[in-house]
Amino acid sequence: MAAPAQVLSVVAAAGELLLRSGAEVARVEDTVGRIARAYGYADVEIFATPTGLFITLGDERHTTAMRRIAGRTFALDRVSAVNALSRELAERPLPPADALRRIEAIGAQPPPLPAWATPAASAIGAAACAMLAGGSLSDFGPAVLANAAVQGVQKVLGGLKLPDAIADFAAGFASVLCALTATRLLGAAFGPVVAGGIMVLLPGIAFTTAVRDAMLGDLTSAAARSLEAVMKAAALASGVAAALYATGRS
Amino acid sequence: MLSYLFAFVTSAAIAVSFRGRLRAVPASGLAGLLGWAGYDLTLRFGLPQMLAAFVGALTLGIAGELLARRLREPALMFVVPALFPLVPGLIAYEGMLSLARQDLGDAARELTRAAFYAGALAAGLSLPPAILRRR
């Protein structure tokens, strides 16, 4: 049987990668438990939250690992790859060092589609979703442009390592400026273009996951995610409100 | 009918932007289309919006489970992008915007609506895995 410290480094790496890639806590606890059992540690306690992960193996010394999760962005390819690896390990456990290398490789893998596809798809998805929320077809182009501008602002501010709330505030602000320009020059509708600009940043998924976690009894996760969602919506709306006020449209 | 096209495009594009695999992209679009159809048709029967959200989430949850089996991927792969057209992010944002304008009545109304709406989606989403997954 592999040493507890080695197994722990494998399961902690897998759990941390899953949480950072946007997996739900129930899935993380499930996967970590499955890998630990594959290495012969049936007795394992796991506490996953969106901001931290705690794992204790039930050996005689109760070896424990703790990981801090700093940020969460969706990387569905990584969730899928870790999931597949955990099933593989359940059938045939690799030496812990090899498994750890596999997990690190998954963490470093580039997006499955070319680099330009992600921002382009965000812009198209955001604009299409804004149309669902009540825009007309002629607003689609301006909404794509507004989203591209907001992504640009987010990229610049992300490089400056500013807190997320500031970046979201700026995104809301930029979105209004784009929408104003689009209404003036192209005659687009104001609301749908603003919505298109910030659509991908809106905390809809976080909100829904929060309620889902609460239903499953993962109360710490539910509380953390709700607060994240409220903060995000507040920062975006403040940016929009500030821009409306500054341009005299409030 | 245009809204169905937008639902497909939204879900497929979000699948790309959340780093989904290429073969999961059309499947996510399909799940998003079905979820939107569940939502839209329920509304067309004159039923309340919360029920429509529940039906939409239920439909896309079932689609996600079936696609997950077919393509041997976790259901999350399809469910997260497909949920995007239905999610109450815009309602929460409008609530916060009302708060910033000091329209407290509107703010309370919209934020409460967002919370109940998220509850309806979450309830619809949690049924298909519980029923369809047998281990």
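Residues numbered from 1 in each chain as written. Chains lettered and ligands numbered in written order. Predicted model: local features only at pLDDT ≥ 70, side-chain atom pairs only at ≥ 80, totals over all residues.

Draft legend 1. The overall build of chain B, seen in detail. Of the regular secondary structure elements, chain B holds six helices and zero strands. When the helices and strands of chain B are placed in sequence order, the string is α-α-α-α-α-α. By the compact-globule yardstick of 14 Å for 135 residues, chain B fits well, its C-alpha radius of gyration being 16 Å. Along the first, second and third principal axes, the C-alpha set of chain B runs to 50 × 30 × 30 Å. Per-residue burial over chain B gives 61% buried out of 135 residues. (Helix = DSSP H or I, 4+ residues; strand = E, 2+ residues; numbered from the N terminus. Rg over C-alpha atoms; globule rule 2.2 N^0.38 Å. Buried ≥ 20, exposed ≤ 12 C-beta atoms within 10 Å, placed from the backbone.)

Draft legend 2. Seen up close, the overall build of chain A. Along the backbone of chain A there are 10 helices and three strands. Helices and strands in chain A line up, N terminus first, as α-α-β-β-β-α-α-α-α-α-α-α-α. With the C-alpha coordinates aligned to their principal axes, the bounding extent of chain A is approximately 70 × 35 × 35 Å. The buried share of chain A, taken over its 250 residues, is 52%. A separation threshold of at least 6 residues defines the contact pool for chain A, and within that pool the share at least 24 residues apart is 66%. (Contact = placed C-beta atoms within 7 Å.)

Draft legend 3. Fine view of helix α8 (residues 190-198) of chain A. By the criterion of burial, α8(A) is predominantly enclosed, with seven of the nine residues buried. Listing the buried residues of α8(A) in full gives P192(A), V193(A), V194(A), A195(A), G196(A), G197(A) and I198(A). Turning to α8(A), the residues buried within the fold contact α5 (117-132), α6 (140-159), α7 (164-186) and α10 (219-246) of chain A together with α5 (89-100) of chain B.

Draft legend 4. Structural view of the pairing of strand β3 (residues 64-68) of chain A. Residues and elements named next belong to chain A. Taken together, the five bridges between strand β2 (residues 52-57) and β3 define a ladder with antiparallel strand orientation. Bridge pairing links T56 to T64 in β3. Hairpin connection of β2 to β3: six residues between the antiparallel strands, including H62 at a positive phi of 50°. (Pairing = 2+ DSSP bridges.)

Draft legend 5. Representation of the domain arrangement of chain A in the model. Residues and elements named next belong to chain A. When cut into domains, chain A gives domain 1 (4-108) and domain 2 (117-246). Taking only C-alpha atoms into account, the centre of domain 1 sits 32 Å from that of domain 2. With six residues of domain 1 at the interface, the matching set in domain 2 holds eight residues. Split into classes, the residues belonging to the side of domain 1 that touches domain 2 amount to three nonpolar, two polar and one charged. (Domains from an automatic or database assignment. Nonpolar A, V, L, I, M, F, W, Y, C, P; charged D, E, K, R; others polar.)

Draft legend 6. Summary view of helix α1 (residues 2-17) of chain B. A rise of 1.5 Å per residue sets the reference length of α1(B), with its 16 residues, at 22 Å; its end C-alpha atoms lie 22 Å apart and thus fit the reference within 8%. Summarising burial for α1(B): 12 of the 16 residues are buried, a large majority. Three or more residues of α1(B) are buried, namely F6(B), A7(B), F8(B), V9(B), T10(B), S11(B), A12(B), A13(B), I14(B), A15(B), V16(B) and S17(B). Tucked inside the fold, the buried residues of α1(B) contact α5 of chain A together with α2 (24-44) and α4 (76-83) of chain B. (Expected span 1.5 Å × (residues − 1).)

Draft legend 7. Main features of the pairing of strand β1 (residues 44-49) of chain A. Residue and element names in this part refer to chain A. Here β1 runs beside β2; their pairing, made up of six bridges, is antiparallel. The partner of T49 across the bridge, within β2, is G52. The turn linking β1 back onto β2 is made up of two residues.

Draft legend 8. Spotlight on unusual backbone geometry. Residues and elements named next belong to chain B. Phi at R19 is positive, roughly 60°, even though this residue is not glycine. Relative to the elements of secondary structure, R19 occurs in the loop between α1 and α2. Here the phi dihedral of R72 falls at roughly 50°; this positive angle occurs in a residue that is not glycine.

Draft legend 9. The environment of R61(A), seen in detail. All names here are of chain A. Relative to the helices and strands, R61 is located in the loop between β2 and β3. By the C-beta count within 10 Å, which is 8 here, R61 ends up exposed. Remark: the alpha-carbon pair of R61 and G191, spanning 130 residues in sequence, is separated by 59 Å.

Draft legend 10. How the structure looks around the sheet that holds β1(A). All names here are of chain A. Here we have three strands laid out as an open sheet, ordered β1-β2-β3, and antiparallel in their pairing. At either margin of the open sheet sits one strand with a lone partner, and together these are β1 and β3. For this sheet the average axis-to-axis angle between neighbouring strands, irrespective of direction, equals 5°. Helix α1 (residues 4-20) contacts β1, β2 and β3 of the sheet and is inclined by roughly 155° relative to β2. Each of β1 and β2 is contacted by helix α2 (residues 25-38), which is oriented at about 155° to β1, the strand it contacts most. (Axes fitted to C-alpha atoms, helices over the stretch in contact; angles between N-to-C directions.)

Draft legend 11. View of the environment of P163(A). Mapped onto the fold, P163(A) is located in the loop between α6 and α7. Linking P163(A) and G15(A), residues 148 residues apart in sequence, is a C-alpha distance of 25 Å.

Draft legend 12. Focus on the environment of S17(B). All names here are of chain B. Locating S17 in the fold gives a position in helix α1. Overall, S17 belongs to the buried group, with 25 C-beta atoms counted inside 10 Å. In this structure, the C-alpha to C-alpha distance between S17 and P81, residues 64 residues apart in sequence, is 9.1 Å.

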